[in-house]
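Structure assessment
Chain by chain, the residues:
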Amino acid sequence: MPPTASGLPIARTVAELRAKVAAWRREGLSVGLVPTMGALHEGHLSLVRLARTRTDRVVASLFVNPTQFAPHEDFDAYPRDEAGDAALLASAGCHLLFAPAVAEMYPPGASTTVIVSGVADPLDGLARPSHFPGVATIVTKLLNQCGPDVAVFGEKDFQQLQVIKRLAADLDLPVEILGAPIVRAEDGLALSSRNAYLSADERRVAPRLYEVLTEAFARLRAGEAVETVEATAVAALLAAGFDRVDYVEARTPADLDRLGPGPVTGPIRVLAAAHLGRTRLIDNVGD
Ligand code: PAF
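Rules behind the numbers
- Residues numbered from 1 in each chain as written.
- Predicted model: local features only at pLDDT ≥ 70, side-chain atom pairs only at ≥ 80, totals over all residues.
- Heavy atoms only, no water.
- Near = heavy atom within 4 Å.
- Polar contact = N/O pair within 3.5 Å; in protein donor to acceptor, adjacent residues only side chain to side chain.
- Areas by Shrake-Rupley, 256 points an atom, 1.4 Å probe, with all protein chains shown as cover.
- Helix = DSSP H or I, 4+ residues; strand = E, 2+ residues; numbered from the N terminus.
- Pairing = 2+ DSSP bridges.
- Axes fitted to C-alpha atoms, helices over the stretch in contact; angles between N-to-C directions.
- Contact = heavy atoms within 4.5 Å.
- Salt bridge = Lys/Arg side-chain N within 4 Å of Asp/Glu carboxyl O.
- Buried < 20%, exposed > 50% of the residue type's maximum accessible area, 1.4 Å probe, protein only.
- Expected span 1.5 Å × (residues − 1).
- Phe/Tyr/Trp six-rings, centres within 6.5 Å; stacked < 30°, edge-to-face > 60°.
- Lys NZ or Arg CZ within 6 Å of the ring centre and 35° of its normal.
- Parallel < 35°, antiparallel > 145°, perpendicular 65-115°, else oblique.
- Left-handed = near helix turned anticlockwise from the far one by under 90°.
- Nonpolar A, V, L, I, M, F, W, Y, C, P; charged D, E, K, R; others polar.

1. What to know about the site of the ligand
Lining the immediate environment of the ligand, one finds Pro35, Thr36, Met37, Gln68, Ile138, Val139, Phe153 and Gln160. Here Gln160 contributes a side-chain N or O atom positioned 2.7 Å from an oxygen atom of the ligand. Coverage of the ligand by the protein amounts to 89% of the 290 Å² it exposes when considered alone. Listing elements by their share of the shell around the ligand, those giving two or more residues are strand 2 (31-36) and helix 6 (131-146).

Below is the structure:
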């Protein structure tokens, strides 16, 4: 397995990945997996560091998964910098990079899709109907290919995390799915590979998303009705300069069930997706 310039070994095939993990297993070592689509930032590195606290060896995967992008979305434009990503992963203490080609993950004839219902249905499930089937399929494959003890995912993609927890439980996958807290810029904007698309003006508006969600959460905790809080938050985002709001919704954290309509007493997660120019931002706040 040739190392990258950063010295991090890189596996290009499932067979190479499995051989490396099997060698670690023979030494009695535990294994963590951090799935990514690359264009890494401090948020991804926090996942690697968390995995390192829980397992002896950490694999990061880098695969821009075509099946989770709709035809009109940004698959072609998605930022790609494998060498830069490898250097960052090495600095965070990752032990192996798994960076397969599309044909390795979806060989000719591949025709199985993993569909999670319930938790995958609302929010991004409505706004991006083909997204979660693509995510659930690739994550199931990565978990089967690597066979980790622990797999770590960021809470910025909060619904994705719940979808993955659900599929791991439903398919009896012997892995612990761990969520890691959102890493934010100083002004509150959640770190995301897609922030690179923002113009300077849009970047100034973007932190309003977190502020509006934080305000919404505080108002729900103060006993305001869910529908009023959600409508006020949408209006605040549009007034701040967002072009379109897919949703701002308060839901139960684990199952993403609807809350309200009246005051809420239990745990709350407020989730939003909104467009600034060509960039779609998502974020969430809760307890
Ligand atoms: O969150 C992501 O980067 C992707 O959805 C994931 C989990 C790596 C699957 O492609």
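2. Quick word on the sheet that holds strand 9 (residues 279-286)
Taken in spatial order, the three strands make up an open sheet running 7-8-9, and their pairing is antiparallel. This sheet does not close on itself; its edge strands, each paired only once, are strand 7 (244-251) and strand 9. Taking the axes of each pair of neighbouring strands and ignoring which way they run, one obtains an average angle of 10 degrees across the sheet. Here eight bridges tie strand 8 (residues 269-276) to strand 9, and the two strands are oriented antiparallel to one another. Residue pairing for strand 9: Ala272 is matched across the bridge by Asp283. Relative to strand 9, helix 9 (residues 208-221) is tilted by about 30 degrees, and along the sheet it contacts strand 7, strand 8 and strand 9.

3. Regarding the environment of Val212
Position of Val212 among the secondary structure elements: in helix 9. Between the alpha carbons of Val212 and Ser192 there is a distance of 18 Å; along the sequence they are 20 residues apart. With sequence-adjacent residues up to four places away left out, Val212 is seen in contact with Ala233, Ala236 and Leu237.

4. Let's talk about the sheet that holds strand 4 (residues 96-98)
The strand order across the open sheet formed by six strands is 1-4-3-2-5-6, and the pairing between neighbours is parallel. A single partner strand is all that each edge strand has here, and the edge strands are strand 1 (10-11) and strand 6 (176-180). Sheet analysis places strand 1 next to strand 4, joined by two bridges and oriented parallel. Counted as the bridge partner of Ile10 is Leu97 from strand 4. Each of strand 5 (150-154) and strand 6 is contacted by helix 7 (residues 158-170), which is oriented at about 170 degrees to strand 6, the strand it contacts most.

5. Quick notes on the pattern of salt bridges
Here the structure, examined in full by the defined rule, presents 19 salt bridges. Arg49 serves as the salt-bridge partner of Glu42, at 2.6 Å between the closest nitrogen and oxygen. Judged by relative accessible area, Arg49 falls into the partly exposed class, the value being 37%. The partner of Arg208 in a salt bridge is Glu215, with the nearest N and O atoms 3.4 Å apart. Salt bridges here are not isolated pairs; linked through shared partners, they connect Glu230, Glu249, Arg251 and Arg258.

6. Some details on helix 2 (residues 42-54)
An α-helical turn contains 3.6 residues, so a residue and the one three or four places further along point in the same direction. Taking 1.5 Å of rise per residue, the 13 residues of helix 2 would be expected to cover 18 Å, and the 19 Å separating its terminal C-alpha atoms lies within 8% of that figure. Among the residues of helix 2, Gly43, His44, Leu45, Ser46, Leu47, Val48 and Ala51 are the ones counted as buried. Where helix 2 is buried, its residues contact strand 2, strand 3 (57-62), helix 3 (82-91), strand 5 and strand 6.

7. Topic: the packing of aromatic side chains
Counted according to the given criterion, the structure contains three aromatic pairs. Measuring from centroid to centroid gives 5.5 Å for Phe69 and Phe75, while their planes differ by 65 degrees, and the two rings are edge-to-face. Through a chain of ring-to-ring contacts, the aromatic side chains of Phe69, Phe75 and Tyr78 assemble into a single cluster. Lying across the ring of Tyr210, Arg184 places its NZ or CZ 3.6 Å from the centre.

8. Here's the deal with the packing of helix 9 against helix 10 (residues 226-240)
It is the contact of helix 9 with helix 10, at a shortest axis distance of 10 Å, that shows an interaxial angle of 160 degrees. Viewed along their axes, helix 9 and helix 10 adopt a mutual orientation that is roughly antiparallel. The crossing of helix 9 and helix 10 is right-handed. Contacts from Arg208, Leu209, Val212, Ala216, Arg219 and Leu220 in helix 9 reach Val226, Val229, Thr232, Ala233, Ala236, Leu237 and Ala240 in helix 10. Its residues assigned to classes, the contact of helix 9 with helix 10 comprises ten nonpolar, one polar and two charged.

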